[in-house]
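# Results of the structural survey
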Amino acid sequence: MDVTQFNVDELFQKSIVWDAHCGMDPQVPIDVNSLERIRKAGFTFVSTNVGYDVLPWHDTFSVIAGYRKFLSDNKDKYILVSSVADVLAAKREGKLAVSMDIEGVSALDGKIELVETYHRLGVRQISFVYNKDNAGGGGCHGANTGITPFGREVVREMNRVGLLVDGTHCSPRMSIDMAETSSKPIIISHSNSRALHDHPRNIWNEQAVACAHTGGVIGVTGIRIFLTKAGDNTSDIELLVRNIDHYCELVGPQHVGIGTDFAEITNALSTRFANATDYWPPEHYPAGANLGFVDIEMFPQITAALSARGYSNKDISGILGGNFMRVAAANWE
Ligand SMILES: [Zn+2]
């Protein structure tokens, strides 16, 4: 596709728009409202989490079943992704391509063979740790622990089976170890820059560089507490673009994308944020706080904001989704 002639509106409409991770509560019934908002906002693809370390690991299977049933019943609007060809088909047919990811290798219950099982069920991405250290290695709120022997085994199995290795929520050392272990490009699907805003859920430049060196992509994310300090009135789009600018200067625009982490905040989610303090330490997540998810409908405005800053259509199209699709193809096919 020659994108050079498009105006800003055409560029968004013609591009693959890839959300590398949304943050809906991985519970049944699944959050259909949030998924529908992502579709209507004009995204081509979204990866939705179906399980994380905070909940019992086997709940993941119920959530996968919930998504598979919903997507199968709504084929006029959605396509369950098994390959990049499905994403391209969704674009042609005006549907939303939906893939599934897991946050935390606790979902493997110590069994390496579950990687292939999850793959067969439609999972295409796993981030290894959810904030707190687990059997795979160190989380971003731990003591900078690196990867464990089991974590290395999981990376190799994911490379073999064809899943995206995701270094989000990991400790600095952990994500760098993952990049060094993987034989395929890795991603950091939804993490802003710690050089811009020093929150431990954000990543240092060294982590972004290690990811990019594999050929991978870092996704900028839309949660206010990871974008700036409380009380800052800078607009959401300005804060997102500031992170995109930073990563583009650091590693080049071909290694930058979007991972919105978008979800409508449910009561169950708010209660869990306040109560599971080992995963969300109150000093970093003010108790009971709404984390401040940027509305999914805001993300298309990134196109015009980047264009106004002088980014080429080719670079913008890559940031909107072409870059993440390239890395998915290298892993999934
Ligand atoms: Zn996450």
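Before reading further, recall that the structure is shown in the block above.
Here's a quick rundown of the structure.

Conventions used here
- Residues numbered from 1 in each chain as written.
- Predicted model: local features only at pLDDT ≥ 70, side-chain atom pairs only at ≥ 80, totals over all residues.
- Heavy atoms only, no water.
- Salt bridge = Lys/Arg side-chain N within 4 Å of Asp/Glu carboxyl O.
- Helix = DSSP H or I, 4+ residues; strand = E, 2+ residues; numbered from the N terminus.
- Buried < 20%, exposed > 50% of the residue type's maximum accessible area, 1.4 Å probe, protein only.
- 1 Å grid on protein atoms, 1.4 Å probe; cavity = no way out; pocket = protein on both sides within 12 Å on 5 of 7 lines; lining within 4 Å.
- Points joined across faces, edges and corners; volume = space filled by probe spheres on them.
- Nonpolar A, V, L, I, M, F, W, Y, C, P; charged D, E, K, R; others polar.
- Donors = N, O, S within 2.8 Å, 3.2 Å for Na, K, Ca; no water.

For the rest of this paragraph, the subject is the pattern of salt bridges. Inspection of the entire model under this criterion finds 19 salt bridges. With its nearest N and O atoms 3.7 Å apart, the salt bridge here joins Arg120 to Glu116. Placement of both Arg120 and Glu116 in helix α5 (residues 114-121) is noted, with a separation of four residues, approximately one turn of the helix. Given the relative accessible area of 67%, Arg120 is considered exposed. By relative accessible area, Glu116 is classed as partly exposed at 30%. What emerges from the salt-bridge pattern is a single network uniting Glu36, Arg39, Lys40 and Lys77.

Attention shifts here to the layout of surface pockets. Looking at the largest pocket, its volume works out to about 210 Å³. Taken together, 14 residues form the lining of the largest pocket, with His197, Ile225, Thr228, Lys229 and Ala230 sitting closest to its centre. Here the lining of the largest pocket is composed, by residue class, of four nonpolar, five polar and five charged.

The coordination sphere of the zinc ion, as far as protein atoms go, consists of Glu103 (OE), His169 (NE2) and His190 (NE2), spread over 2.1 Å. All donors to the zinc ion come from one chain, and their sequence spacing reads E-x65-H-x20-H. Here the residue Glu103 occupies a position in strand β4 (residues 96-103), and His190 occupies one in the loop between β7 (187-188) and α8 (205-213), the gap between them amounting to 87 residues. Neither residue differs from the other here; Glu103 and His190 are each classed as buried.

These values are about where atoms sit, not about what they do.
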